[in-house]
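Inside the fold
So the chains spell out like this:
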Amino acid sequence: MRNKTLFAGITAASTAMMTASAALAQQSGELLGAPVPRGIDFQPAATELARDIHRLDGMLNWVMGAIVLFVLVLIAIVIVRYNARVNKTPAKFTHNTSVEIAWTLIPVIILVVIGIFSLPVLFKQQEIPEGDIYIKVTGYQWFWGYEYVDEGFGFESFLLAKEELAENGYTDDLYLLATDTAVVVPVGKTVVMGVTGADVIHAWTIPAFGVKQDAVPGRVAELWFKAEKTGTFFGQCSELCGKDHAYMPITVKVVSEEEYAAWLEGARDLYASVETDADVVRVAASQ
Ligand SMILES: [Cu+2]
């Protein structure tokens, strides 16, 4: 009875939570790519890559569930039928060729089937298309630097302190996710990001986009995404990079093309004169 109530409670709570977040997204026509309290599922997908990953995860869960169930049934049969009380004279044989062939071949077939579904997803992530916008992102201890390569400007992105959230238009629960400056990209355009590190290994990610890439010093790796919905999306450095690893979040704003053009206008003036750490590093390297 108690379990039933608990289960009903969990169901009701999760339904309410899903309805609430769906309503919120519908209201503004915008997605908020952020974790939710007590959430256990993925953040809603905002790119085809993320949708592919979710679909693959769903499929793997069924495969995994079936295998776990099968093994559980086998163990149950052994417990019930072959315990010392029921099975007084145990068999002494040690090999069974057909069973051995089966338990070798069937897992191989399962792995091949998984590969057929998972490899295309992996290749889609790793085969970088021609980008409409190219942004170089550099991980520093402990903030991110962004360069809009074709536009010739760059800026740095720092964690917003709790008391700075409201004035920047963020709610309090976005602490450790919201940054002072955000990466702004237009909806429906292919964005290619060159990811590197300046000091130690960091990792740039936006879960709702289905992208995650290590930022390794001395190497520029690439990732790409094409956001399908406007909204604000958050991520966090995902490679343990030192004492402030938890304090270098990532904020990406996906806006309409017109808004992007307007932002670019302002950003060119605003950031062109700002000397970033990246410039300092470049100057130092060339000297
Ligand atoms: Cu980091």
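Residues numbered from 1 in each chain as written. Predicted model: local features only at pLDDT ≥ 70, side-chain atom pairs only at ≥ 80, totals over all residues.

Under the annotation held in an unreviewed UniProt entry, the chain carries the name Cytochrome c oxidase subunit 2 and is attributed to Celeribacter arenosi. In its Catalytic activity (unreviewed entry) section, the UniProt record describing the chain reads: "4 Fe(II)-[cytochrome c] + O2 + 8 H(+)(in) = 4 Fe(III)-[cytochrome c] + 2 H2O + 4 H(+)(out)". Entered under Sequence similarities (unreviewed entry) in the UniProt record, the comment concerning the chain runs "Belongs to the cytochrome c oxidase subunit 2 family." (UniProt positions renumbered as here; feature names shortened; annotations may be inferred.)

**Description of the overall build of the chain**
Regarding its fold elements, the chain presents 5 helices and 11 strands. Split into buried and exposed, the 287 residues of the chain put 24% on the buried side. Long-range contacts, defined as pairs at least 24 residues apart, comprise 67% of the intrachain contacts of the chain with a sequence gap of at least 6. (Helix = DSSP H or I, 4+ residues; strand = E, 2+ residues; numbered from the N terminus. Buried ≥ 20, exposed ≤ 12 C-beta atoms within 10 Å, placed from the backbone. Contact = placed C-beta atoms within 7 Å.)

**Description of the packing of helix α2 (residues 48-81) against helix α3 (residues 97-126)**
Contact geometry of α2 with α3 gives a least axis separation of 10 Å together with a crossing angle of 165 degrees. Overall, the two elements α2 and α3 adopt an arrangement that is roughly antiparallel. Both α2 and α3 take part in a crossing whose hand is left-handed. Taken together, the residues of α3 that come into contact with α2 (itself represented by Leu49, Asp52, Ile53, Leu56, Met59, Leu60 and Val63) are Ile110, Ile114, Phe117, Ser118, Val121, Lys124 and Gln125. Partitioning the contact of α2 with α3 into residue classes produces 10 nonpolar, 2 polar and 2 charged. (Axes fitted to C-alpha atoms, helices over the stretch in contact; angles between N-to-C directions. Parallel < 35°, antiparallel > 145°, perpendicular 65-115°, else oblique. Left-handed = near helix turned anticlockwise from the far one by under 90°. Nonpolar A, V, L, I, M, F, W, Y, C, P; charged D, E, K, R; others polar.)

**Describing the sheet that holds strand β9 (residues 221-225)**
Pairing within the open sheet is mixed, and its 5 strands lie in the order β4-β3-β2-β6-β9. The open sheet has two free edges, formed respectively by β4 (153-157) and β9, since each of these has just one partner strand. Within this sheet the neighbouring strands show an average axis-to-axis angle of 25 degrees, counted without direction. By the bridge criterion, 6 bridges tie strand β2 (residues 133-140) to strand β3 (residues 143-148) in an arrangement that is antiparallel. (Pairing = 2+ DSSP bridges.)

**Points about α2**
Taking 1.5 Å of rise per residue, 34 residues should cover 50 Å, and α2 covers 50 Å from first to last C-alpha, within 8% of that figure. In terms of burial, α2 is largely open, as just 2 of its 34 residues are buried. (Expected span 1.5 Å × (residues − 1).)

**Focus on unusual backbone geometry**
The omega angle of the peptide bond from Gln141 to Trp142 is 0 degrees, so this bond is cis rather than trans. When you line up the elements, Trp142 lands in the loop between β2 and β3. The phi torsion at Arg38 lies on the positive side, around 60 degrees, for a residue other than glycine. Look at Leu176: it is not a glycine, yet its phi comes out positive at around 80 degrees. If you trace the backbone, Leu176 turns up in the loop between β4 and β5 (183-186).

**Here we look at the pairing of β3**
Every other side chain in a regular strand lies on the same face of the sheet, so the side chains alternate between the two faces. Most of β3 sits out of view: 6 of its 6 residues are buried. Where burial is concerned, the two faces of β3 agree: the one with Phe143, Gly145 and Glu147 and the one with Trp144, Tyr146 and Tyr148 are both buried. Linkage of β2 to β3, two consecutive antiparallel strands, is achieved through a turn of 2 residues. Pairing analysis gives 5 bridges linking β3 to β4, with the strands arranged antiparallel. Paired with Tyr146 across the two strands is Phe155, which belongs to β4.

**Considerations on the confidence of the model for the chain**
Per-residue pLDDT for the chain averages 87, and the proportion of residues at 70 or more is 84%. This model gives residues 10-28 a pLDDT under 50, and the stretch forms 4 contacts once residues within four places in sequence are excluded. (pLDDT = per-residue confidence, 0-100.)

**Description of the environment of Val187**
With respect to the element layout, Val187 can be found in the loop between β5 and β6 (191-197). Judged by C-beta crowding, with 17 C-beta atoms within 10 Å, Val187 ranks as partly exposed. Apart from the residues lying within four places of it in its own chain, the contact partners of Val187 are Ala227, Lys229, Thr230, Val254, Val255 and Ser256.

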